[in-house]
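Working through the structure, step by step
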Amino acid sequence: MACQSATSDPDQTEKTEDVTAENTLLFVGTYTPKEIEVDGKANGIYVYEIDNQTAALTLIDTINGPVNPSYLAFDPSAEYLFAANEIADGSDAVVGALSSFKIDRDSKQFQYVNTVSSAGDAPCHLIVLPDSREVVVANYVGGNVALVPFMEGGQLAPPVAMKQHEGSGPNAGRQKAPHAHMVKAFPGQVGGFVAVDLGIDQVIHYQVDENTKALTPLTTTAVTPGAGPRHLDFHPSQPWCYVLSELNHSIEVFYYKDIATPFERKQIISTLADTSNAVAYPAAIKIHPNGKFLYASNRGQTDEENSIAMFSIAPEDGQLTFLGVQPTKGNFPRDFEIDPSGKHLYAANQRSDNIVVFEINQMNGQLKDTGLEYKLPTPVCLKFLSL
């Protein structure tokens, strides 16, 4: 499927040097036609090569495979690509799945390997645990997390462990049951990860047993009741964690000690201006590689609501200062990603079928439109891979 780009501004191009590492690829997870609530339009996983001078994208491949490869993850060696096949049909049967692809880094070719059950419906996020051959997946409709090993060659094995979340939240429309929405490796903890559950307003701390592969919940961190936590990010060098909530458009700043201890809340801040009457439903949160700035995507109806919220991070205590919002020039920014150099932010607008590129001011964290825009259907997730 052809993708079109706007011509970049000549002045912008002249100022941009060494934008990304040489031979950097951008993988885009998408919705294809089968999904219970989303009108998917895409053909699979789209792969772009990035121009290391201009930040421009060139489509090099579309990886076909099972439906709705929405969220993506690489193994630590970057030899394999895994996709959460976000499927739920409303029946009692589990139809959610995970798929595996092998990456030939020299030829930039990609080969489908296999697909297995995710042990729950609508898997919406996954990670590969560092220094392991284990995928952890969050099943949104299933309300659980599962552990899925993979073998040499990237072949996925059936799930070996699953933990069902229990409970509900005060928002009757969105929190009648658990909804695991994200998993994230815990910094410096072998086999440790956290799961963010929107339905029960909790971050659940897990440890994987190296011998039995059992999933053991160690403790939980509670967020504001009814907030609906969706994603989180850890600071790259300090013991600070930032939890983004979808239902009250907020970020809660926590300090952490270790994986077995609940986080300590230090701040709650909106992803919109204090004076705003807008309503937004945040989706993604990312910290700049330099640790000085944090970004979160808002989703809604207006330009203010379809935006990237920008924050500075105080170096002494990690608390956030709101810097404003940058409209994403599209509708429903489901995900965004910062390139490996930290110079550009790519925003994926799911409902307007486009990716828009912004330059990051390295001094103050503000975003500036580069004029680069790419059309592709229903983008959901962005992942960079430096070859």
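Refer to the structure above for everything that follows.
Residues numbered from 1 in each chain as written. Predicted model: local features only at pLDDT ≥ 70, side-chain atom pairs only at ≥ 80, totals over all residues. Heavy atoms only, no water.

What follows concerns the overall build of the protein. Summing up its helical and strand segments, the protein has one helix and 28 strands in all. Taken over C-alpha atoms, the radius of gyration comes to 19 Å for the protein, in line with the 21 Å a tight globule of 387 residues would show. In terms of its C-alpha atoms, the protein occupies a principal-axis envelope of roughly 55 × 50 × 35 Å. Looking at the protein residue by residue over its 387 residues, the buried ones come to 58%. Counting only contacts in the protein whose residues sit at least 6 apart along the sequence, the fraction spanning at least 24 positions is 52%. When the accessible surface of the protein is summed, it comes to about 15,000 Å², and 48% of that surface belongs to carbon and sulfur atoms. Averaging the locations of the 26 positively and 46 negatively charged side chains of the protein gives two centres separated by 2 Å. (Helix = DSSP H or I, 4+ residues; strand = E, 2+ residues; numbered from the N terminus. Rg over C-alpha atoms; globule rule 2.2 N^0.38 Å. Buried < 20%, exposed > 50% of the residue type's maximum accessible area, 1.4 Å probe, protein only. Contact = heavy atoms within 4.5 Å. Areas by Shrake-Rupley, 256 points an atom, 1.4 Å probe, with all protein chains shown as cover. Lys, Arg positive; Asp, Glu negative; His and termini not counted. Charge placed at Lys NZ, Arg CZ, Asp CG, Glu CD.)

Our focus in this paragraph is the pairing of strand E18 (residues 250-255). For E18, the buried fraction is high: five of the six residues fall into the buried class. With six bridges joining them, strand E17 (residues 240-245) and E18 adopt antiparallel strand pairing. Directly across from Ser245, in E18, lies its bridge partner Ser250. If you look at the hairpin formed by E17 and E18, you'll find four residues sitting between the two strands, and His249 has a positive phi there, around 35 degrees. Examined bridge by bridge, E18 and strand E19 (residues 264-270) share six bridges and lie antiparallel to one another. If you follow Ser250 over to E19, its bridge partner there is Ser270. (Pairing = 2+ DSSP bridges.)

The next point concerns the sheet that holds strand E12 (residues 180-185). Strand order across the open sheet formed by four strands is E12-E13-E14-E15, with antiparallel pairing between neighbours. Two strands close off the open sheet at either side, each with one partner strand: E12 and strand E15 (215-222). On average, each strand axis in the sheet is inclined to that of its neighbour by 25 degrees, with strand direction left out of account. Sheet topology places E12 next to strand E13 (residues 192-197); five bridges connect them, and they run antiparallel. Looking across to E13, one finds that Lys184 is bridged to Val194. (Axes fitted to C-alpha atoms, helices over the stretch in contact; angles between N-to-C directions.)

Glancing now at the nonpolar core. Residues Phe27, Leu81, Leu98, Leu126 and Val135 are the most contacted members of the largest nonpolar core, which totals 31 residues. Looking at this core element by element, the count peaks at five residues for strand E5 (residues 80-85). Setting aside anything within four residues of it in sequence, one finds Val135 in contact with Phe82, Leu98, Leu126, Ile127, Val128, Ala146, Leu147, Val148, Phe150 and Leu156. Among the nonpolar cores identified, the runner-up in size contains 18 residues, and Val28, Leu372, Tyr374 and Leu376 belong to it. (Core = buried A, V, L, I, M, F, W, Y, C linked by side-chain atoms within 4.5 Å.)

If you check the backbone angles, Asp131 has positive phi at about 55 degrees while not being a glycine. Structurally, Asp131 is set in the loop between strand E8 (123-128) and strand E9 (134-139). Since its relative accessible area comes to 75%, Asp131 is described here as exposed.

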